[in-house]
Amino acid sequence: MRILGIDPGLQTSGFGVVDVDGPHLRYVASGTIKTTHLERADLPGRLKVLFQGVCEVVERYQPDTASVEIIFVNVNPQATLLLGQARGACITALVSRELSVTEYTALQLKKAVAGYGKAGKAEVQEMVMRLLKLPSLPGKDAADALGLAITHAHVGSAMARLAQASGTGAKMTGNYRGGRSR
């Protein structure tokens, strides 16, 4: 199974692609989609770049499923709203390409990858490098995206089986898996 992880951001969105064969993970690709070449005030243009960038990544790497980080409200509500719009553009691109999308919090990512929910960015980068046997540290945004793909590889199928067994499985609306992982 091929998993695409997306770490959404309005200026820089990370992506990471991982192949999973049972317990084995194999790095496929990672990188970033940047909107910094556009004016900060050009929100529609920046969202278009994110949408098209994610679509291009999906077309190039042909993932089977995707995972996206859940955004929490931070100190600046305006920044949170803008980030939410970037996240929406990324999710819309994924579902427009018929991919199911699973969401994970930063805490879930850090626990799955580093074993500690309050791990720092550097710790996540280091563990992603080790888990995928990379020759060097991936960039921060790409590491988070790869971490989301790894998280889904480790816990996604188990969470789906638990939800199905308990009868509280996430409802599907089209190809988007609604709700958040709890």
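Everything below is about the structure printed above this text.
Residues numbered from 1 in each chain as written. Predicted model: local features only at pLDDT ≥ 70, side-chain atom pairs only at ≥ 80, totals over all residues. Heavy atoms only, no water.

1. A word on the overall build of the chain
Alright, step 1. The secondary structure content of the chain amounts to 5 helices and 7 strands.
Alright, step 2. If you list the helices and strands of the chain from N to C, you get β-β-β-α-β-α-β-α-α-α-β-β.
Alright, step 3. Across the 182 residues of the chain, 45% fall into the buried class.
Alright, step 4. Taking the intrachain contacts of the chain between residues at least 6 apart in sequence as the baseline, contacts between residues at least 24 apart amount to 61%.
Alright, step 5. With the model as given, the accessible surface of the chain reaches about 9600 Å², and the carbon-plus-sulfur share is 55%. (Helix = DSSP H or I, 4+ residues; strand = E, 2+ residues; numbered from the N terminus. Buried < 20%, exposed > 50% of the residue type's maximum accessible area, 1.4 Å probe, protein only. Contact = heavy atoms within 4.5 Å. Areas by Shrake-Rupley, 256 points an atom, 1.4 Å probe, with all protein chains shown as cover.)

2. Brief notes about helix α1 (residues 43-61)
Alright, step 1. Taking 1.5 Å per residue as the helical rise, α1 with its 19 residues ought to reach 27 Å, and the 27 Å between its terminal C-alpha atoms agrees with that figure.
Alright, step 2. Taken together, the buried positions of α1 are Leu 43, Gly 45, Arg 46, Leu 47, Leu 50, Gly 53, Val 54, Cys 55, Val 57, Val 58 and Tyr 61.
Alright, step 3. Contacts made by the buried residues of α1 are with β1 (2-7), β2 (12-21), β3 (24-34) and α2 (77-96).
Alright, step 4. At the N-terminal boundary of α1, the capping side chain belongs to Asp 42, with an oxygen 3.0 Å from the backbone nitrogen of Gly 45.
Alright, step 5. Count one or two residues on from α1 and you reach Gln 62, which has phi positive near 50 degrees. (Expected span 1.5 Å × (residues − 1). Polar contact = N/O pair within 3.5 Å; in protein donor to acceptor, adjacent residues only side chain to side chain.)

3. Quick look at unusual backbone geometry
Alright, step 1. Here the phi dihedral of Gln 62 falls at roughly 50 degrees; this positive angle occurs in a residue that is not glycine.
Alright, step 2. In this fold, Gln 62 is placed in the loop between α1 and β4 (65-69).
Alright, step 3. For Gln 62, a relative accessible area of 54% puts it in the exposed group.
Alright, step 4. The residue Lys 133 is not glycine, and still its phi comes out positive at about 55 degrees.
Alright, step 5. Structurally, the position occupied by Lys 133 is in the loop between α4 (121-131) and α5 (140-166).

4. A few points about the pattern of salt bridges
A side chain with one charge may pair with a side chain of the opposite charge, provided their charged atoms come close.
Alright, step 1. Applying the stated rule across the entire model yields 6 salt bridges.
Alright, step 2. In this structure, Arg 87 and Glu 103 form a salt bridge, with 2.1 Å as the shortest nitrogen-oxygen distance. With Arg 87 in helix α2 and Glu 103 in strand β5 (residues 101-104), this pair connects stretches of sequence that are 16 residues apart.
Alright, step 3. Classification of Arg 87 as buried rests on a relative accessible area of 11%.
Alright, step 4. A salt bridge links Asp 144 to Lys 121, with the nearest nitrogen and oxygen atoms 2.4 Å apart. Within this pair, whereas Asp 144 is found in helix α5, its partner Lys 121 is found in helix α4, the two being separated by 23 residues in sequence.
Alright, step 5. Shared partners join several salt bridges into a network, and the residues in it are Arg 2, Asp 19 and Arg 26. (Salt bridge = Lys/Arg side-chain N within 4 Å of Asp/Glu carboxyl O.)

5. A word on the side chain of Gln 125
Alright, step 1. By the secondary structure assignment, Gln 125 is in helix α4.
Alright, step 2. Apart from residues no more than four positions distant in its own chain, Gln 125 is found in contact with Leu 137, Pro 138, Gly 139, Lys 140 and Ala 143.

Remember, this is a structural readout, not a statement about activity or role.
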